[in-house]
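A closer look at the structure
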Protein chains: 2
Amino acid sequence: MEEMKVNPYDVKGEVDYNKLISEFGIKPINKKLLERIKSIAGEIHPYLRREIFFAHRDLEKVLDAYEKGEKFFLYTGVAPSGPIHLGHYSIWSFAKWLQDKFDVELWFQFTDDEKFLHKDMTYEEIQEWTKDNMRDVIAINFNPKKTHFLINTKHAGIIYPEAIKVAKKITFSTIKAAFGFTDSENIGSIFYTAMQTVPCFLPNIINNENKYCLIPMGVDQDPHFRVSRDVVEKLGHKKPSIIHAKFMSPLTGTAGKSSSSNSNKTILMTDDAKTVKRKINKYAFSGGEDTVEEHRKKGGNVEVDVACQWLKYFEEDDKKLSEIYNKYSKGELLSGEVKKIMIKKINAVLSEHQKRRLNADKQIDKFIFKS
Amino acid sequence: MEEMKVNPYDVKGEVDYNKLISEFGIKPINKKLLERIKSIAGEIHPYLRREIFFAHRDLEKVLDAYEKGEKFFLYTGVAPSGPIHLGHYSIWSFAKWLQDKFDVELWFQFTDDEKFLHKDMTYEEIQEWTKDNMRDVIAINFNPKKTHFLINTKHAGIIYPEAIKVAKKITFSTIKAAFGFTDSENIGSIFYTAMQTVPCFLPNIINNENKYCLIPMGVDQDPHFRVSRDVVEKLGHKKPSIIHAKFMSPLTGTAGKSSSSNSNKTILMTDDAKTVKRKINKYAFSGGEDTVEEHRKKGGNVEVDVACQWLKYFEEDDKKLSEIYNKYSKGELLSGEVKKIMIKKINAVLSEHQKRRLNADKQIDKFIFKS
């Protein structure tokens, strides 16, 4: 097994989340915190109960302020270089839940510069993906009145002047350590983290406010903010708070995270029902035994069975989920049967998403921030 | 004597321009080239005759195209962090001559980001200097219809998207070698050269043209373009041509270049007649002997006498200049007398400049490029 490596540009090996918590210096989300969220939101999102969102930085501060009547804003984003998959969807649907429950603004950053700088793709290809990814973000059904798209190249006029203030306080040594870069990295990539930092405080500059910022995101993005949280504070802004998600595993069940670079390893938001069925039946790693007889006798392994694991994202009912896990462990449910449940669940999600996605183009202009 | 060092962030030691020509791989401006310029412009600017503009890159290409009826555009700029002095003035007045004689557009970049990133100054201080420096650029009397100001932070919306295309093709290793940076350099400074490269081709993108770009500038800026000329070509644009100026020596005659960081070592464009007189009489390094008797006997050294050297910039008449040099060498003219000539010349220049400068604020808006 490869050694674990988790940063925005490389996720490798079996991810040990407890080890990440201590390496990154982030905090696990404990019961007390869950109770506080429940008391405000009226419920706890399944992703919180199931430790999909498992860690945080300074989440308490955001809740303290909120309880005093002070709203925060949300900030998340995507690096557009390919189609959107269920891994993205899971984080954004949680962000939508936060937006709805806390009634807050969301600033959504499209880091087209980042992907252009890191990938062997043309500027035009990245722009195409940026537009395509916007459709999926809109299809999440965020509140258009409270959601603002920032596209790094398009909004460079407002982002770059703030980014240089961040950049002035970050040396290449720090970047090297945080992202594993070498001297042969291009100078755009080296600068880039400053662009990703700006939305932590830009809405406050625009609105002349001093709200907290809460960032729901995959834990691989943490190095950006580990580097820049102190810088943000030195610039006179509040440090952003963060809530970290685990990676949705690839269909094939190997280590790492879901990625569009091999579309057979994930489910895309644009996959049709047949494709979903084919991919899951063909590629989803099974935790069952080789034969039905053996499976009935020995039972299946819930922890490695991708269908079982992915159901954490799509079966909201705790009771139903634990029933499935129980039966699968005892061999009462076969791998194929769990896959069938998952296919149905996912196709229901995708069908709704795809309907909204068809109407997205008309709404893009409403979502893009006008400076 | 310190070892010679010439880059945009450090000019040290006695500058050996022949050595620079071979180290930088630039070409001296020869007689043939001067004749070509004369045949187009109708005259040769004194700074060309006197080798103040002493070297170039691909100047022939610009002239070849011009002779075929194809106009180029000019690009120069300033890094605003202090008042404008005669060193800046000399380069810009030459740029104005080029604009007038060749009837071409000038794109003038204010690299406020660069200075903010490199200096221990606040963003607001740099913005104040940017505005102040604009007044001096306008007072040069550039054609307002053919001169466009680009301010890096203000125009980041059009510059940054192109800068990342440049940045993608430049590694930190290259930057290290060109500018003498280390890992403790901030990431904004590391990226910055990409921002300075963009105006080489941005006007062509804006106007959908493919003109040559000619950059009149101090030779210390050459490393930026040495790094990026090939990159510009790889991006499908014409490599910029450059015409390089020597440094106007500090008043005190030590090695290096004129700089505003010690305003006693230079003459500022806002100095009044009395201040000019005082500074020159007090600080201008003299090439004469200690006593009048000795000076009359041995004569003065034109090469180290700053008044004599600076007259190259302000006495347009070759005959008069060589007369002064002759007399000074023979001891017929005293240092004080040459200083007096220089004071008069400079005050005439400043008086005109300052009159125009008073009217500059009204014109700023006309000069700033509207994207």
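About the cut-offs
- Residues numbered from 1 in each chain as written.
- Chains lettered and ligands numbered in written order.
- Predicted model: local features only at pLDDT ≥ 70, side-chain atom pairs only at ≥ 80, totals over all residues.
- Heavy atoms only, no water.
- Patch = residues over 30% accessible without salt bridge, like charges linked within 9 Å, V, L, I, M, F, W, Y side chains within 5 Å.
- Areas by Shrake-Rupley, 256 points an atom, 1.4 Å probe, with all protein chains shown as cover.
- Salt bridge = Lys/Arg side-chain N within 4 Å of Asp/Glu carboxyl O.
- Lys, Arg positive; Asp, Glu negative; His and termini not counted.
- Charge placed at Lys NZ, Arg CZ, Asp CG, Glu CD.
- Helix = DSSP H or I, 4+ residues; strand = E, 2+ residues; numbered from the N terminus.
- Buried < 20%, exposed > 50% of the residue type's maximum accessible area, 1.4 Å probe, protein only.
- Pairing = 2+ DSSP bridges.

**Side note on a negative patch on the surface**
- A contiguous patch of negative charge, built from Glu 3, Glu 14, Asp 16 and Glu 23 of chain A, is present on the exposed surface.
- Take Glu 14 of chain A: it is sitting in the loop between β2 (10-12) and α1 (17-24).

**Focus: the pattern of salt bridges**
- Taken as a whole, this structure holds 58 salt bridges over all chains when the rule is applied.
- In this structure, the salt-bridge partner of Lys 238 of chain A is Glu 70 of chain A, at a minimum N-O distance of 3.9 Å. Here the residue Lys 238 of chain A occupies a position in the loop between α12 (222-234) and β9 (241-245), and Glu 70 of chain A occupies one in the loop between α4 (59-67) and β5 (73-78), the gap between them amounting to 168 residues.
- Note that Arg 135 of chain B and Asp 361 of chain B form a salt bridge whose closest N and O atoms lie 2.6 Å from each other. Highlighted residues: Arg 135 of chain B in helix α7 (residues 123-139) and Asp 361 of chain B in helix α18 (residues 360-367), separated in sequence by 226 residues.
- With a relative accessible area of 18%, Arg 135 of chain B lands in the buried category.
- For Asp 361 of chain B, a relative accessible area of 41% corresponds to the partly exposed category.
- Sharing partners across several salt bridges, the network here consists of Asp 132, Arg 135, Asp 136, Arg 357 and Asp 361 of chain A.

**Some remarks on the sheet that holds strand β3 (residues 27-28) of chain B**
Residue and element names in this part refer to chain B.
- In spatial order, the strands read β3-β4-β9-β8-β5-β6-β7; together these seven strands make up an open sheet with mixed pairing. Single-partner strands in this sheet number two, and they are β3 and β7 (147-151).
- The pairing of β3 with strand β4 (residues 53-57) spans two bridges and is antiparallel. Paired with Pro 28 across the strands is Ala 55, a residue of β4.

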